[in-house]
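Now for the letters of each chain:
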Amino acid sequence: HTPPHPRSTTARSSGAGGQNVNKVESAVDLMHLPTGIRIFMQQERSQLKNRNLAMALLRSRLYELELEKHNAAQSAKRLAQVGSGSRSEKIRTYNYKDNRVSDHRLNSNFALEKFLSGDIDAVIRMCMASDQQSQLKELAEAGPR
């Protein structure tokens, strides 16, 4: 998508080009105010070509910026799911003397013998419900787009 109206000014090019360089304002200076990205283009002899090149370069830099933000958000999300693996992040405790399994993510207890024999449907349902709740909460916090 095109950036929201970058501020554009023109200037005379510098370097070789003889009288054309001295007379014609063919260089283009674009400033994208929201991000502070500035692009000065004097590659071509025509102002229109320089403006088009500068806009293309600005678009690519803004795209890279957005991509970087997106990747950082994805990385943070992934890290939050995986965690650090420290002892304080334990998921379940198997307590044999009290015949119970405690799931620390769900703050719930389950019968140890049922759990060990493979009857874990209740745990899975609660995990799915908890995940759905956290996703709904994220959506609510993000608000309408």
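To keep things clear, this report deals only with the structure shown in the data block. (Residues numbered from 1 in each chain as written. Predicted model: local features only at pLDDT ≥ 70, side-chain atom pairs only at ≥ 80, totals over all residues. Heavy atoms only, no water.)

This brings us to the environment of leucine 62. Summarising the element assignment, leucine 62 is placed in helix 2 (residues 47–82). Along the primary structure leucine 62 and threonine 35 are separated by 27 residues, whereas in three dimensions their C-alpha atoms are 8.4 Å apart. (Helix = DSSP H or I, 4+ residues; strand = E, 2+ residues; numbered from the N terminus.)

Another point: the sheet that holds strand 5 (residues 100–103). What links the strands of a sheet is backbone hydrogen bonding, and the strands pair in either a parallel or an antiparallel sense. With respect to topology, three strands assemble into an open sheet ordered 4-5-6, the strand pairing being antiparallel. Looking along the sheet, the strands with just one partner apiece sit at the ends: strand 4 (92–95) and strand 6 (108–111). Neighbour to neighbour, the strand axes of the sheet diverge by 20 degrees on average, direction disregarded. Pairing between strand 4 and strand 5: four bridges, direction antiparallel. Note that in strand 5 the partner of threonine 93 across the bridge is serine 102. Docked against the sheet, helix 4 (residues 121–142) engages strand 4, strand 5 and strand 6, running at close to 160 degrees with respect to strand 6. (Pairing = 2+ DSSP bridges. Axes fitted to C-alpha atoms, helices over the stretch in contact; angles between N-to-C directions. Contact = heavy atoms within 4.5 Å.)

A grouping of Tyr94, Tyr96 and Leu116 is seen on the molecular surface, where their side chains present a nonpolar patch of about 350 Å² in accessible area. Inspection of the secondary structure puts tyrosine 96 in the loop between strand 4 and strand 5. (Patch = residues over 30% accessible without salt bridge, like charges linked within 9 Å, V, L, I, M, F, W, Y side chains within 5 Å. Areas by Shrake-Rupley, 256 points an atom, 1.4 Å probe, with all protein chains shown as cover. Salt bridge = Lys/Arg side-chain N within 4 Å of Asp/Glu carboxyl O.)

Here we come to the sheet that holds strand 3 (residues 37–41). Strand order across the open sheet formed by three strands is 1-2-3, with antiparallel pairing between neighbours. Where the open sheet ends on each side, the last strands, each with one partner, are strand 1 (7–11) and strand 3. Neighbour-to-neighbour, the strand axes of this sheet turn through a mean angle of 15 degrees, independent of strand direction. Taken together, the five bridges between strand 1 and strand 2 (residues 27–32) define a ladder with antiparallel strand orientation. Looking at the pairing, threonine 10 lines up with valine 28 of strand 2. Packing of helix 2 onto the sheet brings it into contact with strand 1, strand 2 and strand 3, and relative to strand 3 it is tilted by some 150 degrees.

In the structure shown here, the tally under the stated rule is five salt bridges. Between aspartate 29 and arginine 38 there is a salt bridge; the shortest N-O distance is 2.9 Å. For glutamate 66, the salt bridge is made with lysine 69, and the minimal N-O distance between the two is 3.4 Å. Highlighted residues: glutamate 66 and lysine 69, both in helix 2, separated by three residues, approximately one helical turn. In this structure glutamate 66 comes out as partly exposed when scored by relative accessible area, which is 46%. The exposure class of lysine 69 is exposed, given its relative accessible area of 51%. (Buried < 20%, exposed > 50% of the residue type's maximum accessible area, 1.4 Å probe, protein only.)

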